[in-house]
Amino acid sequence: GYEMSLKLSDRHEWVMQSEIRNMSIECDRVGGINLSQGVCDTETPLVVRHSAWKAMDAGINTYTHYAGLMELREAIAEKQRRFYGMDVDPEREIIVSGGSTGAFYCACQALLNPGDELILFEPFYGYHIQTLVATQAVPVYVRMKLPGWTFTLADLEAVVTPRTRGIMINTPANPSGKVFSREELELLAAFAKKHDLFVFTDEIYEHFIYGDSRHVPPAMLPDMKKRTITISGLSKTFSITGWRIGYCICDSRWTTAIGFFSDLVYVCAPAPLQSGVAKGLREIEMDYYEGLSKIYRAKRDKICNALVNAKLMPVIPDGAYYILSDISTLPGSSSKERAMYLLRETGVACVPGEAFYHDDSGEDLARFCYAKEDAVLDDACRRLEKLKR
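Scoring rules and cut-offs
Here, residues in each chain are numbered from 1, in the same order as that chain's written sequence. Local features are withheld for residues below a pLDDT of 70 in this predicted model, meaning they are given only at 70 or higher, and side-chain atom pairs are given and counted only at 80 or more; totals for whole chains, interfaces and linings count all residues. The basis for the side-chain values is all heavy atoms of the structure; hydrogens and waters are excluded. Strands here mean DSSP runs of E at least two residues long; helices mean DSSP runs of H or I at least four residues long; both are numbered from the N terminus. Every radius of gyration here is taken over C-alpha atoms, with the globule rule written as 2.2 Å times N^0.38, N being the number of residues. For every residue, the accessible area (1.4 Å probe, protein chains only) is compared with the maximum for its type, and the residue is labelled buried under 20%, exposed over 50%, or partly exposed between those bounds. What sets the accessible areas is the Shrake-Rupley method with a 1.4 Å probe; for residues, cover comes only from the shown protein chains. Working convention for charge: Lys and Arg count positive, Asp and Glu count negative, and His plus the chain ends are omitted. Working definition for charges: the position is that of NZ of Lys, CZ of Arg, CG of Asp or CD of Glu. For Phe, Tyr and Trp, rings pair up if their centres lie within 6.5 Å, where Trp contributes its six-membered ring, and each pair is then called stacked (planes under 30 degrees apart), edge-to-face (over 60) or tilted (otherwise). A ring has a charge above it when a Lys NZ or an Arg CZ is no more than 6 Å from the ring centre and no more than 35 degrees off the ring normal. When a carboxyl oxygen of Asp or Glu is within 4 Å of a side-chain nitrogen of Lys or Arg, the pair counts as a salt bridge. Multiplying 1.5 Å by the residue count of a helix minus one yields the expected span of that helix. In this description, contact between two residues means that some pair of their heavy atoms is separated by no more than 4.5 Å. Think of it this way: DSSP has to see at least two bridges between two strands before they count as a pair. With axes taken as lines fitted to C-alpha atoms, and helix axes fitted only over the stretch in contact, angles between N-to-C directions fall between 0 and 180 degrees. Roughly parallel covers angles under 35 degrees, roughly antiparallel covers those over 145, roughly perpendicular covers 65 to 115, and oblique covers all other angles. Throughout, a crossing is termed right-handed when the near helix is turned clockwise from the far one, and left-handed when it is turned anticlockwise from it by less than a right angle. Note that Gly is not counted as nonpolar here; it falls among the polar residues with everything else outside the nonpolar set of Ala, Val, Leu, Ile, Met, Phe, Trp, Tyr, Cys and Pro and the charged set of Asp, Glu, Lys and Arg. For this analysis, a nonpolar core means a set of buried residues of the types Ala, Val, Leu, Ile, Met, Phe, Trp, Tyr and Cys, connected via side-chain atoms within 4.5 Å.

A. Fine view of the overall build of the protein chain. Scanning the protein chain from N- to C-terminus turns up twelve helices and 13 strands. Against the 2.2 N^0.38 benchmark of 21 Å for 389 residues, the protein chain shows a C-alpha radius of gyration of 21 Å, consistent with a compact globule. With the principal axes as the frame, the protein chain shows a C-alpha extent of 65 × 60 × 50 Å. Of all 389 residues assigned to the protein chain, the portion counted as buried reaches 57%. About 16,900 Å² of surface is accessible on the protein chain, with carbon and sulfur atoms providing 53% of the total. With 44 positive and 51 negative side-chain charges, the protein chain shows a spacing of 2 Å between the two charge centroids.

B. Looking closely at the packing of aromatic side chains. Per the counting criterion, the structure on display carries 20 aromatic pairs. Following the ring pairs from residue to residue traces out a cluster consisting of Phe83, Tyr84, Phe238, Tyr288 and Tyr289. Across the ring face of Phe83, the terminal group of Lys79 is positioned such that the distance to the ring centre comes to 5.1 Å. Between the NZ or CZ atom of Lys178 and the centre of the ring of Phe180, over which it lies, the distance is 5.0 Å.

C. Up close: the pattern of salt bridges. The final tally for this structure, using the stated rule, is 24 salt bridges. Here Lys194 ties to Glu157 by a salt bridge, and the two come within 3.0 Å at their closest N and O atoms. Here the residue Lys194 occupies a position in helix H7 (residues 182–194), and Glu157 occupies one in helix H6 (residues 153–159), the gap between them amounting to 37 residues. With its nearest N and O atoms 3.0 Å apart, the salt bridge here joins Asp374 to Lys299. A residue pair is termed long-range when its members are at least 10 positions apart, and Asp374 in helix H12 (residues 374–385) and Lys299 in helix H10 (residues 286–309) qualify at 75 residues. Residue classification places Asp374 among the partly exposed positions, given a relative accessible area of 37%. Residue classification places Lys299 among the buried residues on the basis of a relative accessible area of 3%. It is possible to trace a salt-bridge network through shared partners that takes in Lys299, Lys302, Asp374 and Asp378.

D. Broad picture of helix H3 (residues 70–84). For H3, with 15 residues, the first-to-last C-alpha span of 21 Å sits near the 21 Å given by 1.5 Å per residue. Within H3, burial applies to Leu72, Arg73, Ala75, Ile76, Ala77, Lys79, Gln80 and Tyr84. In this fold, the buried residues of H3 make contact with strand E2 (94–98), strand E8 (245–249) and helix H9 (271–283).

E. Fine view of the sheet that holds E2. Spatially, seven strands are ordered E2-E8-E7-E6-E5-E3-E4 in an open sheet, and the strand pairing comes out mixed. Strand pairing shows two members of the sheet lacking a second neighbour, E2 and strand E4 (138–143), which therefore form its edges. For this sheet, the mean angle separating the axes of adjacent strands, direction not counted, is 25 degrees. In this sheet, strand E6 (residues 198–202) lies alongside strand E5 (residues 164–170) in parallel orientation, the contact comprising five bridges. The residue bridging Met168 from the neighbouring strand is Phe200, located in E6. Contacts between H7 and the sheet are confined to strand E3 (117–122), E5 and E6, with E5 contributing the most and set at about 165 degrees to the helix.

F. Helix H5 (residues 126–134), seen in detail. If you check which residues of H5 are buried, you get Gly126, His128, Ile129, Thr131, Leu132 and Ala134. Residues of H5 that are buried sit in contact with helix H4 (99–111), E3, E4, E5 and E6. Of the residues flanking the end of H5, it is Gln136, one or two places downstream, whose phi is positive at about 65 degrees.

G. Layout of the packing of H4 against helix H8 (residues 252–266). Contact geometry for H4 and H8: axes closest at 8 Å, N-to-C directions at 120 degrees. As judged from the angle between their axes, H4 and H8 are oblique. At the point where H4 passes H8, the crossing takes the right-handed sense. Across from Gly102, Tyr105, Cys106, Ala107, Gln109, Ala110 and Leu111 in H4, the residues of H8 making contact are Trp254, Ala257, Ile258, Phe261, Ser262, Val265 and Tyr266. A per-class count over the contact of H4 with H8 returns eleven nonpolar, three polar and no charged.

H. How the structure looks around the environment of Gly347. Position of Gly347 relative to the elements: it lies in the loop between helix H11 (335–346) and strand E11 (348–349). Each C-alpha atom, one on Gly347 and one on Gly126, is 24 Å from the other, the two residues being 221 residues apart in sequence. Sequence-distant contacts of Gly347, defined by excluding residues within four places in its chain, comprise Gly32, Ile33, Leu342 and Arg383.

I. Structural view of the nonpolar core. One finds Tyr296, Ile303, Tyr321 and Phe368 to be the most contacted residues of the largest nonpolar core, which totals 41 residues. Secondary-structure elements contributing two or more residues to this core are helix H1 (19–30), H10, strand E10 (322–326), H11, E11, strand E13 (365–369) and H12. For this core, the element with the most residues is H10, which contributes six residues. Filtering out sequence-adjacent residues up to four positions away, Tyr321 remains in contact with Gly38, Cys40, Tyr205, Phe208, Tyr210, Lys236, Tyr296, Phe368, Cys369, Tyr370 and Ala371. Counting 31 residues, the second-largest nonpolar core is a separate cluster that includes Met144, Val160, Val216 and Phe356.

J. Expanded view of the packing of helix H2 (residues 46–57) against H9. Packing of H2 against H9 brings their axes to within 7 Å, and their N-to-C directions diverge by 140 degrees. If you check the angle between H2 and H9, you find them oblique. Crossing geometry of H2 relative to H9 is assigned as right-handed. Across the interface between the two elements, Val47, Val48, Ser51, Ala52, Ala55 and Met56 from H2 touch Pro272, Leu273, Ser275, Gly276, Val277, Lys279, Gly280 and Glu283 from H9. Here the contact of H2 with H9 is composed, by residue class, of eight nonpolar, four polar and two charged.

Treat this as a map of the structure, not an account of what it does.
Structure representation (structure tokens):
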């Protein structure tokens, strides 16, 4: 018979289903508790929801400027000033895009050529890698070591080449929960200046900080603003992961091109939702953000205790809302097999550690997300503690 020669593009391999989504699907299949995906199902602030609704009624339903509503850009600039003393021009230094993943994708499109290398820290967040590969840039890895997820200048110097164009800093980090210290960031800043590199950041978890850690935006280090592409959003802070509103802040030399790519791929982030977020940024008081850290710290401690009781020793995070845990005592020859065993035995889904490493490392680790309502988290903890050995 006639054989079609139609086939998928070579590019399709760049966006294969992520292990995180796979585990969510497996979890749904068995009706389990999903601690794999960072969906953040805590409540969205009332002012954010109501303001988006009011914006719809007021007719804010058409395309916005490609860089985002001016009221939102002004609110973001004001937030950066209030929290970090960062001086940002809302007119020329902010691009609002389709979530922070969209902002990062557009920044990569605008600033990296095919074959350019970007240094990332392992364990990494898979979307960072897939975004780079989809823009034909090349990820290069520096492995952080336990305890403390540490790295050295020698580790960085060992991987830098003439093709290196940038470095990616995710702080607080997914999946490790590492909060980069000022000293570490100063070392990275000196390295970036020495090799003339862009610094891309992912600061989406900036308000999820525990203990004595402080969030230091890399752009705030001396002489770093002009080479730093600060990427963040409100998905996690306001529990609006489905709204897709993120942004990048950078030197005006880069924003126009980033904005044009955002216009090409997304046109604009949803107009009334931008307005809702702008009102939230302006009207929500500081104690809301401090409250977030308190609430999530309690969730962190709860799940850590359950993991310890289940003999799945956790690496206690300083920020974000994930825990990497040692699952080497579970049966199976890979982290995927062990994670599936845990799902079968307890109905709790986690992400296999191999999703966060470029080689076959991570086989002893799994990531648990604790951005869950307390009733769900309590149920997950009870199930984990019943794990029979």
